[in-house]
Amino acid sequence: MKKNIKKNMIISLAALAIVGLGGTYAYFSDSLTVTNHISTGDVNIDLKEYEIQDGKEVAYLNPKQIVPGQTVSKIPRITNHAEPCWIRAKISYNNSGKMEGLSDSDISGMPDEWVKKGDYYYLTNVLDHSEKVTLFEEVHFPTEWTEEYTGQKIKIDIQVDAIQMANFTPNFSDMSPWGNEEIEVCVHESEGKIISKDKNVKLSVEFNGEAHKLISAPDDFFVNFQTAMPGDEFSDSVEISNTTDNEAEIFFKTALENQTAEQLDLLDKLKLKISMNGQELYFGNLKAEEINKDISLGKYQAGQSGKLDFTIKVPAELKNAYALREADVKWIFSVNEDKVTPTPEAQEHEQKGTDAVRTGDEAPILALCLILVGSIIVGVTYYIRKK
């Protein structure tokens, strides 16, 4: 009887040894954070006046002493310091005493790009960032002004307005090309800024087989977006893929960290839509506080991929107060993986060409179970036959 027990123990130990050659069942997880940066643009122009003296252009000096019939060099010039925009200008003539007024017919040197509609001159082409445009170059004073006008004063006032090029197209065939658009006062003292970003950068989150961790490219998923202007809509997509040998589940959530009240206010105004493989996951503001807990993006077999689409909308009614603001949005991706890790014995057998269970087999757990059950059946059968 003792002999049979010993043989049964040997068989059981052999079965365990076979299982031990395969590997251990393990749970793996990893995460990465992508910080997305968004900024709003601005419309910012200035108007300065110049004159020609001794063949050179210098800053215009007031006041001027003029005589009847004189032509005065006066060059109003507009510079765009921010986003591309449309320009219009209104010229007013204010006279004192009995002086007969000047009119538009007394100015010259206006470029052909200006067209008069109603009370305004409209620039018919867009003024790009850092570009300049001249309104006119000279003022001619009437020869009819005689000594009786001595000591009288005359002023030429110029009002210049700008409106963003983005999402706006003037109708120059209409008497009011800008329609009823509200012109706000610029609230920024700075010269504005243009953020130049690369375009058509491929976005991806990969559970990488070689490094065996999540890898993102690039570090900012808003990299293809320019500065946001009222009415803008940006869309892009992220490829989600698994290049390991095992099935893995990938998750997504958002987070807000170290944002000021002004930044949070901006994020609250911008709209965000996120879809995974065509199925909507979220629609709301860019703060996305409702999805700050893990949302599954699906389980991915080895070599499988999916697409995460997202769209950001800037309200057309966003006011100048939101110009030149910046904010960050953190998107966190994580992965869970169940896998079998080969034991040293299995790796050694694999190198020798034996049939050890390898990581990446389609059903490693099932194979181990079958081996174990088979060993038990053999042991029980042996015991009964011997008994």
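Structure: above.
Remember, it's a predicted structure, so these values are computed and weren't measured experimentally.

How each quantity is defined
- Numbering of residues begins from 1 in every chain and follows the order in which that chain's sequence is written.
- The predicted nature of this model means local features are confined to residues of pLDDT at least 70 and side-chain atom pairs, given and counted, to a pLDDT of 80 or more, with totals for whole chains, interfaces and linings taken over all residues.
- With hydrogens and water set aside, each side-chain value is computed from the structure's full complement of heavy atoms.
- Helix and strand assignments follow DSSP, with helices taken as H or I runs no shorter than four residues and strands as E runs no shorter than two, numbered in order from the N terminus.
- Any two residues whose heavy atoms approach within 4.5 Å are treated as being in contact.
- Working definition of accessibility: Shrake-Rupley area with a 1.4 Å probe, residue cover restricted to the visible protein chains.
- For two strands to be treated as a pair, DSSP must find at least two bridges joining them.
- Per-residue accessibility, obtained with a 1.4 Å probe over protein chains only, is compared with the maximum for each type, and a residue is labelled buried under 20%, exposed over 50%, and partly exposed between these values.
- Summarising the geometry, the arc corresponds to the directions from the helix axis toward the C-beta atoms.
- We define a salt bridge as a side-chain nitrogen of Lys or Arg found within 4 Å of a carboxyl oxygen belonging to Asp or Glu.
- N or O atoms closer than or at 3.5 Å make up a polar contact, with two conditions inside protein: a donor-capable atom paired with an acceptor-capable one, and, for residues adjacent in sequence, both atoms drawn from side chains.
- Between rings of Phe, Tyr and Trp, where Trp is taken as its six-membered ring, a pair exists when centres lie within 6.5 Å; planes separated by under 30 degrees are stacked, by over 60 edge-to-face, and by other angles tilted.
- Throughout this description, the term charge over a ring refers to an Arg CZ or Lys NZ atom that lies within 6 Å of the ring centre and within 35 degrees of the ring normal.

A. Quick peek at the overall build of the chain. Check the secondary structure of the chain and you find 4 helices and 21 strands. Here the analysis covers contacts within the chain between residues at least 6 apart in sequence; of these, 80% occur between residues at least 24 apart. Accessible surface for the chain amounts to roughly 21900 Å². Of this, 49% is attributable to carbon and sulfur atoms.

B. A look at the sheet that holds strand β4 (residues 71-73). Strands sit in the order β4-β11-β7 across an open sheet of 3 strands; the sheet is antiparallel. Single-partner strands in this sheet number two, and they are β4 and β7 (107-108). In this structure, β7 lies alongside strand β11 (residues 138-140), joined through 2 bridges in antiparallel fashion. Across the sheet, the residue bridging to Ile 107 is Val 139, located in β11.

C. Geometry of helix α2 (residues 261-269). Among all positions of α2, only Gln 263, Leu 266 and Leu 267 are buried. Down the axis of α2, the buried side of the element spans an arc of 100°, and every buried residue falls inside it.

D. Focus on the pattern of salt bridges. By the definition in use, this model includes 12 salt bridges. The shortest N-O distance in the salt bridge between Lys 307 and Asp 309 comes to 3.8 Å. Each of Glu 262, Asp 265, Lys 269 and Arg 325 takes part in salt bridges that share partners, so that together they form one network.

E. Quick peek at the side chain of Thr 79. Along the chain, Thr 79 turns up in strand β5 (residues 75-80). Excluding anything up to four places from it in sequence, Thr 79 contacts Asn 44, Ile 45, Asp 46, Glu 131 and Lys 132.

F. Focus on the environment of Glu 206. Its location among the elements puts Glu 206 in strand β13 (residues 203-208). Judged by its relative accessible area of 24%, Glu 206 falls in the partly exposed class. Excluding residues that lie within four positions of it along the chain, Glu 206 makes contacts with Lys 213, Leu 214, Ile 215, Ser 241 and Thr 243. Looking at Glu 206, its side chain comes within polar contact range of the side chain of Asn 208, at 2.8 Å.

G. Main features of the side chain of Glu 337. Residue position: Glu 337 is located in strand β21 (residues 326-342). Polar side-chain contacts of Glu 337 include one of 2.8 Å to the side chain of His 212. Among the polar contacts listed, one links the side chain of Glu 337 to the side chain of Asn 246, at a separation of 2.9 Å.

H. Expanded view of the pairing of strand β15 (residues 233-242). One ladder, built from 5 bridges, connects β13 with β15; its direction is parallel. In the strand pairing of β15, Ser 204 is matched with Glu 239. Sheet topology places β15 next to strand β20 (residues 305-313); 9 bridges connect them, and they run antiparallel. Note on β20: the bridge partner recorded for Glu 239 is Lys 307.

I. How the structure looks around the packing of aromatic side chains. Scanning the entire structure with this criterion turns up 14 aromatic pairs. Both rings, one in Tyr 120 and one in Tyr 122, keep their centres 6.1 Å apart while their planes meet at 55°; by these two values the pair is tilted. Of the residues examined, Tyr 120 reaches a relative accessible area of 16% and is grouped as buried. Ring geometry for Phe 225 versus Phe 234: centroids 4.9 Å apart, planes at 15°, classification stacked. Judged by its relative accessible area of 12%, Phe 234 falls in the buried class. An aromatic cluster of at least three residues, connected via ring pairs, comprises Phe 221, Phe 222, Phe 225, Phe 234, Phe 252, Phe 310, Trp 331 and Phe 333. For the cation-ring pair, Lys 64 lies above Tyr 60, with the distance from its terminal atom to the ring centre recorded as 5.0 Å.

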